[in-house]
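# Per-entry structural report
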Amino acid sequence: MYKPGGTIAEALGRIQTKSYVLPAIQREFVWKPEQIERLFDSLMQGYPFGTFLFWKVEAATSGKFKFYDFVLNYHQRDAAHCPELGKLHHQSVTAVLDGQQRLTALNIGLRGSMAIKQPNKWWTNPDAFPLRTLRIDLLAPSLPDEDGVRYRFKFLDDGQVARDEGAHWFKVPDILGMEDGPAMLASLMERGLHGEALKGAYAILDRLHRVVNSHNLINYYEEETQDLERVLNIFIRLNSGGTILSYSDLLLSIAVAQWKQVDARAEIHKLVDELNRIGTGFALSQDFVLKAGLMLADIASVGFKVENFTTENMLALESNWLAIRSALVRTVELASSFGLNGQTLKADSALLPIAYHLYKRGAPANYVTHSQFADDRSAIRGWLVRSIIKASGIWGSGLDTLLTALREAIQASDGSAFPAEQLRQVMSQRGKSLTFEPAEIEDLLYIEYGDKRTFPLLSLLFPFVDLRNQFHVDHIYPISRFTPARLQRQGFSEADADVMGRHANTLPNLQLLEGAINNEKRAAMPSTWLSAHLPDAASQLHYRTMHELGELPADLQDFEFFYAARRDRLRIKLTEMLGGLVPAAMPTVAA
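Each chain carries its own residue numbering, running from 1 in the written order of its sequence. Thresholds applied to this predicted model are a pLDDT of at least 70 for local features of residues and 80 or more for the giving and counting of side-chain atom pairs; totals over whole chains, interfaces and linings are not thresholded and use all residues. For side-chain calculations, the full set of non-hydrogen atoms in the structure is used, while hydrogens and water are omitted.

Our focus in this paragraph is empty space enclosed by the protein. Space inside and on the surface of the protein is sampled on a 1 Å grid over the protein atoms alone, with a cavity defined as a set of points where a 1.4 Å probe fits but cannot get out and a pocket as an open set with protein on both sides within 12 Å along at least 5 of 7 lines; lining residues have an atom within 4 Å of a point. Grid points are joined across faces, edges and corners, and a volume is the space filled by probe spheres set on the points. Tallied over the full model, the rule gives two cavities of 30 Å³ or more. Space inside the second largest cavity adds up to approximately 30 Å³. Around the second largest cavity sit Ile476, Gln511, Pro526, Trp529, Leu530, Tyr543, Leu549 and Leu552, which together line it. With three residues, helix H22 (residues 526-533) is the single largest residue contributor to the lining of the second largest cavity. Just so you know the grouping, Ala, Val, Leu, Ile, Met, Phe, Trp, Tyr, Cys and Pro go in nonpolar, Asp, Glu, Lys and Arg go in charged, and all remaining residues, Gly too, go in polar. Counted by class, the lining of the second largest cavity contains seven nonpolar, one polar and no charged residues. Note on conventions: DSSP H or I runs of at least 4 residues are helices, E runs of at least 2 residues are strands, and numbering of each starts at the N terminus.

Written out as structure tokens, the structure is:
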């Protein structure tokens, strides 16, 4: 039943000439660089490559369908999606139903590049995405590591190659145009290799050349029907048996096939990209937009179920798409105005009831800024922050049932104001109360820097901070001063230094500080910085009062007194805001 499809080089040639294409029901490329590197190692070791499922689309019918090209130069921010092909006119093509990820990995590794965001750099920074091509170290010993990898493939940029003096990195795409035999040997000698190094490098390069250019590794089954429904069923049955393809990918495939006027795939991916560029950047996904579509279009259940993706439901989603799209943009703009982003928004699903409310009331473009909507925004902010700082996880299990119930509560309201109280009641009935018990509040006092809940918790404690500017979570007493060595040099015991170091990284020693001011403050002690930042004594007192700082000791000898006093003030404030009455007495929690 399976047919021979030739070599990898020949398959890439068919991709290049647009003979191999991707149908609209295919998902995006999702492999990471490490997976591509592992694939090439498997090919070099002679492991089975797997078979492919192709759909032969005849020239007479190809114009009825939408097709996409394979990713070549992957850029995580700017070019992460499959390029759309124009409408085909009387051109027969082969659409890949199974094997897209492997073929794209080969296309990138042998013809293209990858640009993945580097850690600790902003998405808006062009230097955060260095362009890297696949290389193989010709000097690496072909001995298996603990994971069974024998050949050292890596995506590297030119700078990394230059700095790695102990390796000899060969650019894998060069193998396509290289002759084997004597010409290959001469090329290696020109690179300065000789002796045993030359022998080993030649063996690796010769094997790579044969794997790519000589071995007939492509084998496929071809479906010849021109019935899209049958092809869709084949695709779903093929892919729904495992977990490699997410269920939302399959459901998006169905939406793509059923929308009549709008390109569902392009619209949803475009919207995801737009949402993620709002403010300082979010990390929302296709799943988020699809679930929002189900919720806002009033489809019976918001669950990712095949029965929700009927033709009728998908046409309802398409007909309301512009309004749904607008509501989602307003929602993420609102979240950004609260200071949230991809690093501080703990649960994306928490935005969905807000989006439904804004959709129902037809929130205008100035909703986030106009004073007319200030009370509504305040109610949303209080509800949202409470829901995402809960350690128990409001937005975890039973999510679809919860979202459906919250939608019903919003439907029952008149739409003039965000029904925060009604939503709290619905959540409480499902064991997801937004009230905090004393033990929960005590846990919040020990929340650490870097926890996704820290920023929203501070924003709740200090609502006067204008979060439309870029704010950072700042250590009041600089964390750099709390290393064990520095503390012990100042006379603190090892045990005291350990306690102080842990306390310095928790809520009572944290505040929200505007980004530019935080950069100025750096490692300055708070009393020194405050005197320089606000020379007027009255202004200093106002700042310390507003931020619940109290007295600021000039050195670390009295840090624990500062810490305990601010912790007690924050406990009272959190109890008033989240838990009801302030307890008469609260025992000190052991460090």
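For the rest of this paragraph, the subject is the packing of aromatic side chains. The criterion for an aromatic pair is that two Phe, Tyr or Trp rings (for Trp, the six-membered ring) have centres within 6.5 Å, with stacked assigned to planes under 30 degrees apart, edge-to-face to planes over 60 apart and tilted to the rest. Here the structure, examined in full by the defined rule, presents 17 aromatic pairs. When the centroid spacing of 5.5 Å and the interplanar angle of 65° are considered together, the rings of Trp383 and Phe418 count as edge-to-face. Of this pair, Trp383 sits in helix H14 (residues 374-388) while Phe418 is found in the loop between helix H15 (399-412) and helix H16 (420-429), placing the two residues 35 residues apart along the sequence. Ring geometry for Phe559 versus Tyr563: centroids 6.1 Å apart, planes at 40°, classification tilted. Of this pair, Phe559 and Tyr563 both sit in helix H24 (residues 559-579), four residues apart, which is roughly one turn of the helix.

Pairing between strands is defined by DSSP: at least two bridges between them are needed. Ordered in space as S1-S11-S3-S6-S2-S4, the six strands form an open sheet in which the pairing is mixed. Here the strands that pair on one side only, and so sit at the sheet edges, are strand S1 (3-6) and strand S4 (67-68). Relative to strand S11 (residues 218-223), strand S3 (residues 52-57) runs parallel, the two sharing four bridges. Across the sheet, the residue bridging to Phe54 is Glu222, located in S11. Against the sheet, helix H1 (residues 8-16) touches S1, strand S2 (20-23) and S11, its axis set at about 80° to S1. In this description, contact between two residues means that some pair of their heavy atoms is separated by no more than 4.5 Å. Between N-to-C directions, angles span 0 to 180 degrees; the directions come from axes that are lines fitted to C-alpha atoms, helices contributing only their stretch in contact.

A separate point is the pattern of salt bridges. Salt bridges, as used here, are contacts in which a Lys or Arg side-chain nitrogen is within 4 Å of a carboxyl oxygen on Asp or Glu. Taken as a whole and assessed by the stated rule, the structure comprises 25 salt bridges. Here Asp78 makes a salt bridge to Arg77, at a shortest N to O gap of 2.8 Å. For every residue, the accessible area obtained with a 1.4 Å probe (protein chains only) is divided by the maximum for its type, and the residue is called buried under 20%, exposed over 50%, and partly exposed between those limits. For Asp78, a relative accessible area of 52% gives the class exposed. We note a salt bridge from Lys291 to Asp400, for which the minimum N-O separation is 2.7 Å. Linking Lys291 in helix H10 (residues 286-296) with Asp400 in helix H15, this pair joins segments that are 109 residues apart in sequence. For Asp400, a relative accessible area of 28% corresponds to the partly exposed category. One connected set of salt bridges, linked through shared partners, spans Glu442, Arg567, Asp568 and Arg571.

The periodicity of an α-helix, 3.6 residues per turn, causes residues three or four places apart in sequence to face the same way. All of the buried residues in helix H17 (residues 438-445) are Ile441, Glu442, Leu444 and Leu445. Angularly, the buried residues of H17 cover 155° about the axis, an arc narrow enough to put them on a single face. Exposed residues lying more than 90 degrees from the buried face of H17 are Ala439 and Asp443. Picture the helix axis, draw a direction to every C-beta atom, and the arc is the one those directions span.

It is worth spelling out the environment of Glu222 at this point. Assignment of secondary structure puts Glu222 in strand S11. Residue Glu222 is classed as buried on the basis of its relative accessible area, which comes to 15%. On a C-alpha basis, the gap between Glu222 and Ser92 in space is 14 Å, while along the polypeptide they are 130 residues apart. Among residues more than four places away in sequence, those in contact with Glu222 are Lys3, Phe54, Lys56 and Thr94. Within the structure, the side chain of Glu222 is placed 3.3 Å from the side chain of Lys3, a separation counted as a polar contact. Any pair of N or O atoms that falls within 3.5 Å is considered a polar contact. Within protein, one atom must be able to donate a hydrogen and the other to accept it, and sequence-neighbouring residues count only if both atoms are side-chain atoms.

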